[in-house]
Amino acid sequence: MTQPGTMPMSKEMQDCVDACMTCHSICEETMSSCMQMGGQAQMQIMRALMDCAETTRMCADMMMRRSPMSAEMCAMCAKACEMCAEACMSMPDDPQMMRCAEACRRCAATCHAMAGATM
């Protein structure tokens, strides 16, 4: 439902918001999984997951309120997602990490597209 006087969200923007929210949720789930595993080597992955979770949530929020800084936020979000996907790929035998890497890649792709779009 749109507010009176506001334009409806484009399909591309809605797809990006959805990808951001999905990525945010999966990063949160993956952080929980990492904490259960423990180990010092997980710290780099945890930082990437935290950065990605926060960035994707903020990016979705900014797009939904039509912030004039959305394009810049999408570019930053794409970078955070790419870094997180790479960190998750360091554990290729872990299904949760692979699920997270895929969500991050999908989100990065939609954010790259929105970063170049006129909001």
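All values reported here derive from a predicted model rather than from experimental measurement. (Residues numbered from 1 in each chain as written. Predicted model: local features only at pLDDT ≥ 70, side-chain atom pairs only at ≥ 80, totals over all residues. Heavy atoms only, no water.)

Peer 1: Would you take a moment to explain the state of the cysteines for this structure?
Peer 2: The tally for this structure, following the rule as stated, stands at 0 disulfides. Looking at the unpaired Cys111, the closest cysteine sulfur is the one in Cys16, lying at 3.7 Å. (Disulfide = S-S within 2.5 Å.)

Peer 1: It is not clear to me how helix α2 (residues 42-64) should be interpreted in this structure. Could you clarify?
Peer 2: The periodicity of an α-helix, 3.6 residues per turn, causes residues three or four positions apart to be oriented the same way. Taking 1.5 Å of rise per residue, the 23 residues of α2 would be expected to cover 33 Å, and the 33 Å separating its terminal C-alpha atoms lies within 8% of that figure. Phi for Arg66, located one or two positions after α2, is positive at around 60°. (Helix = DSSP H or I, 4+ residues; strand = E, 2+ residues; numbered from the N terminus. Expected span 1.5 Å × (residues − 1).)

Peer 1: Just to check I follow, could you spell out helix α3 (residues 70-88) for this structure?
Peer 2: Taking 1.5 Å as the rise per residue, α3 with 19 residues should run 27 Å; its terminal C-alpha atoms sit 26 Å apart, in good agreement. Here the buried face of α3 lies against α1 (11-37), α2 and α4 (95-115). (Contact = heavy atoms within 4.5 Å.)

Peer 1: So what exactly am I meant to see when it comes to the layout of surface pockets here?
Peer 2: Unfilled space is identified by rolling a water-sized probe across the atoms. Here the largest pocket is characterised by a volume of approximately 200 Å³. Lining of the largest pocket is provided by Gln44, Arg47, Ala48, Asp51, Thr55, Met76, Lys79, Ala80, Met83, Cys84, Glu86 and Ala87. (1 Å grid on protein atoms, 1.4 Å probe; cavity = no way out; pocket = protein on both sides within 12 Å on 5 of 7 lines; lining within 4 Å. Points joined across faces, edges and corners; volume = space filled by probe spheres on them.)

Peer 1: Can you walk me through the packing of α1 against α4 in this structure?
Peer 2: Axis angle and axis distance: for two packed helices, these are the angle between their axes and the distance between the axes, and together they describe the pair. Closest axis-to-axis distance for the α1/α4 pair is 8 Å, and the angle between their directions is 150°. Here α4 runs roughly antiparallel to α1, going by the angle between their axes. Of the two elements, α1 crosses α4, and the hand of that crossing is left-handed. Each residue belonging to the contact of α1 with α4 can be placed in one class, and the counts come to 16 nonpolar, 4 polar and 3 charged. (Axes fitted to C-alpha atoms, helices over the stretch in contact; angles between N-to-C directions. Parallel < 35°, antiparallel > 145°, perpendicular 65-115°, else oblique. Left-handed = near helix turned anticlockwise from the far one by under 90°. Nonpolar A, V, L, I, M, F, W, Y, C, P; charged D, E, K, R; others polar.)

Peer 1: I keep staring at the environment of Gln96 and nothing clicks. Help me out?
Peer 2: For Gln96, the position within the fold is in helix α4. We classify Gln96 as buried; its relative accessible area is 19%. Along the chain, Gln96 and Ser33 lie 63 residues apart, while their C-alpha atoms are 7.8 Å from each other. What Gln96 contacts, discounting residues up to four positions off in sequence, is Ile26, Glu29, Thr30 and Ser33. (Buried < 20%, exposed > 50% of the residue type's maximum accessible area, 1.4 Å probe, protein only.)

Peer 1: Please explain the side chain of Asp94 as it appears in this structure.
Peer 2: Relative to the helices and strands, Asp94 resides in the loop between α3 and α4. In this structure Asp94 is buried but unpaired, with Arg99 as the nearest side chain of opposite charge at 9.2 Å. Here the side chain of Asp94 touches Met97 through a polar contact of 3.1 Å, landing on its backbone nitrogen. (Lys, Arg positive; Asp, Glu negative; His and termini not counted. Salt bridge = Lys/Arg side-chain N within 4 Å of Asp/Glu carboxyl O. Polar contact = N/O pair within 3.5 Å; in protein donor to acceptor, adjacent residues only side chain to side chain.)

Peer 1: Sorry, what's going on with the nonpolar core here?
Peer 2: Soluble globular proteins: nonpolar side chains tend toward being buried together. Grouped together as the largest cluster of nonpolar side chains are 39 residues, with contacts concentrated most on Cys20, Cys27, Leu49, Met63, Cys84, Cys104 and Cys111. Only α1, α2, α3 and α4 provide two or more residues apiece to this core. (Core = buried A, V, L, I, M, F, W, Y, C linked by side-chain atoms within 4.5 Å.)

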